[in-house]
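Residue-level structure breakdown
If you want the building blocks of each chain, they are given just below.
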Amino acid sequence: MEERIDALHGWPAGEALPDVADDVVTELLGRLEAGTLRSAVRRNDGSWAAVPWVKRGILVAFRSGRVTPVPAPGSGAVDPRAPSAFLDKHNLPVRRFAAGERVRVVPGGSAVRRGAHLGPGVVCMPPMYVNVGAWVGAGSMIDSHALVGSCAQIGERVHLSAAAQIGGVLEPVGAAPVVIEDDVLVGGNAGVYEGTVVRRGAVLAAGVVLTRGTPVFDLVRKEVYRAGRSRPLEIPEDAVVVPGGRAVTRDWGRARGLTLYAPVIVKYRDAGTDLATALEDWLR
């Protein structure tokens, strides 16, 4: 499959892809949905890396797809000649789930795109969205207005609270994915972008925003975590991160008492912190 995808990805620009592209894309998306293939992998040393040929396959899907009318949820077929409220690539429709997959999608405007994997016990509260190439592990919850971007990796028993935004990284194909490991709580309106890795058991309080350019200050260990040229920003296991600020030290800003946004690790998760997340079990 890798060789076939690379050949299609390298097809001359401006030329139509051969008919075999539809079969390759269908197989790729099916394997991504089943979880037998992933757009990112965890190495033996704990680091995460993209699988470039899989991401190239997703790009082939976009290139080979034809924009067609898409029926609204619960409606019948649409007339391809008539105006439609929804238009998208024919080969990347919204997923449908069978009861045996044990995924709970509550009615109300949610969508999971083809090529995304949702493990057993995942709960989707409306409206939310999961994009192509994403992986969501078993027992996780995606709350209202939450986004899981393309190729993002969400572990097991993760709670993405209302309006949480997990960024997608599709291009460049070698770019590291956004990763939320097992048992992480992402608070409401929090955002994790640009290949950031949140390690197992961490808690991001409401409003925390993490990017490659965001330094994170650890009050417990007296360290500052930053992304490097070839490594992502990483939040340590069990860290509890809250929105904070740091004073501007240059004269003009200091004279006016200005501060800059800075995420701060105030503690590491313990039994008391786990009690605060017990509500998730009741929601199931």
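Please refer to the structure higher up on the page.
Below is a short write-up of the structure.

**Looking at the sheet that holds strand E18 (residues 191–192)**
Spatially, the 6 strands line up as an open sheet ordered E6-E9-E12-E15-E18-E21, and their pairing is parallel. Of all the strands in the sheet, the pair left with one neighbour each is strand E6 (111–112) and strand E21 (209–210). Pairing geometry for E18 and E21, over 2 bridges, is parallel. Residue glycine 191 lies in a different strand from E21, and its bridge partner there is valine 209.

**Digging into the environment of arginine 226**
Tracing the chain through its elements places arginine 226 in the loop between strand E23 (223–225) and strand E24 (234–235). Along the backbone, arginine 226 and arginine 212 are 14 residues apart, and their C-alpha atoms lie at a distance of 7.3 Å. In this view, arginine 226 contacts Pro215, Arg231, Pro232 and Leu233; residues no more than four positions away in its chain are not counted.

**Section: the packing of helix H1 (residues 2–9) against helix H2 (residues 20–34)**
As a packed pair, H1 and H2 sit with axes 11 Å apart at the nearest point and diverge in direction by 130 degrees. Accordingly, the angle class assigned to the pair H1 and H2 is oblique. Note on packing geometry: the crossing formed by H1 with H2 is left-handed. Counting all contacts with H1, which are made through Arg4, Ile5 and Leu8, the residues of H2 involved are Val20, Ala21, Val24, Glu27 and Leu28. Classifying every residue of the contact of H1 with H2 gives 6 nonpolar, no polar and 2 charged.

**So, the layout of surface pockets**
Empty space within the second largest pocket amounts to approximately 240 Å³. Contributing to the lining of the second largest pocket are 19 residues, with Arg38, Trp48, Gly155, Glu156 and Asp182 lying nearest its centre. In the lining of the second largest pocket, the residues fall into 7 nonpolar, 5 polar and 7 charged.

**Considering the pattern of salt bridges**
Note that side chains of opposite charge can pair when their charged atoms are close. What the rule picks out here adds up to 14 salt bridges. One salt bridge connects glutamate 181 with arginine 42, and the closest N-O pair in it is separated by 3.4 Å. Here glutamate 181 is found in the loop between strand E16 (179–180) and strand E17 (185–186), whereas its partner arginine 42 is found in strand E1 (residues 40–42), with 139 residues between them in sequence. The residue arginine 199 makes a salt bridge to glutamate 234 at a minimum N-O spacing of 3.2 Å. Of this pair, arginine 199 sits in the loop between strand E19 (197–198) and strand E20 (203–204) while glutamate 234 sits in strand E24, placing them 35 residues apart in sequence. Among the charged side chains, a network of salt bridges with common partners joins Glu33, Arg95, Glu101 and Arg114.

What counts and what doesn't
Sequence order as written defines the numbering, with residues in each chain counted from 1. Since the coordinates come from a predicted model, pLDDT governs what is reported: local features require at least 70, and pairs of side-chain atoms require 80 or more to be given and counted, while whole-chain, interface and lining totals use all residues. Hydrogen atoms and water are omitted, and side-chain values are computed over all heavy atoms in the structure. A strand pair is defined by DSSP finding two or more bridges across the two strands. Numbering of helices and strands runs from the N terminus; a helix is a DSSP stretch of H or I covering at least four residues, while a strand is a stretch of E covering at least two. Residues count as neighbours in contact if any of their non-hydrogen atoms are within 4.5 Å of one another. Think of each axis as a best-fit line through the C-alpha atoms, taken over the contacting stretch in the case of a helix, with angles from 0 to 180 degrees between the N-to-C directions. Roughly parallel means an angle under 35 degrees; roughly antiparallel, over 145; roughly perpendicular, 65 to 115; everything else is oblique. The crossing is said to be left-handed when, going from far helix to near helix, the turn is anticlockwise and less than a right angle, and right-handed when the turn is clockwise. Only Asp, Glu, Lys and Arg are considered charged in this grouping, and only Ala, Val, Leu, Ile, Met, Phe, Trp, Tyr, Cys and Pro are considered nonpolar; every other residue, Gly among them, is considered polar. Put plainly, a pocket is an open set of points on a 1 Å grid over the protein atoms alone with protein on both sides within 12 Å along at least five of seven lines, a cavity is a set where a 1.4 Å probe fits but cannot get out, and a lining residue has an atom within 4 Å of a point. Grid points are joined across faces, edges and corners, and a volume is the space filled by probe spheres set on the points. By convention in these notes, a salt bridge is any Lys or Arg side-chain nitrogen within 4 Å of a carboxyl oxygen on Asp or Glu.

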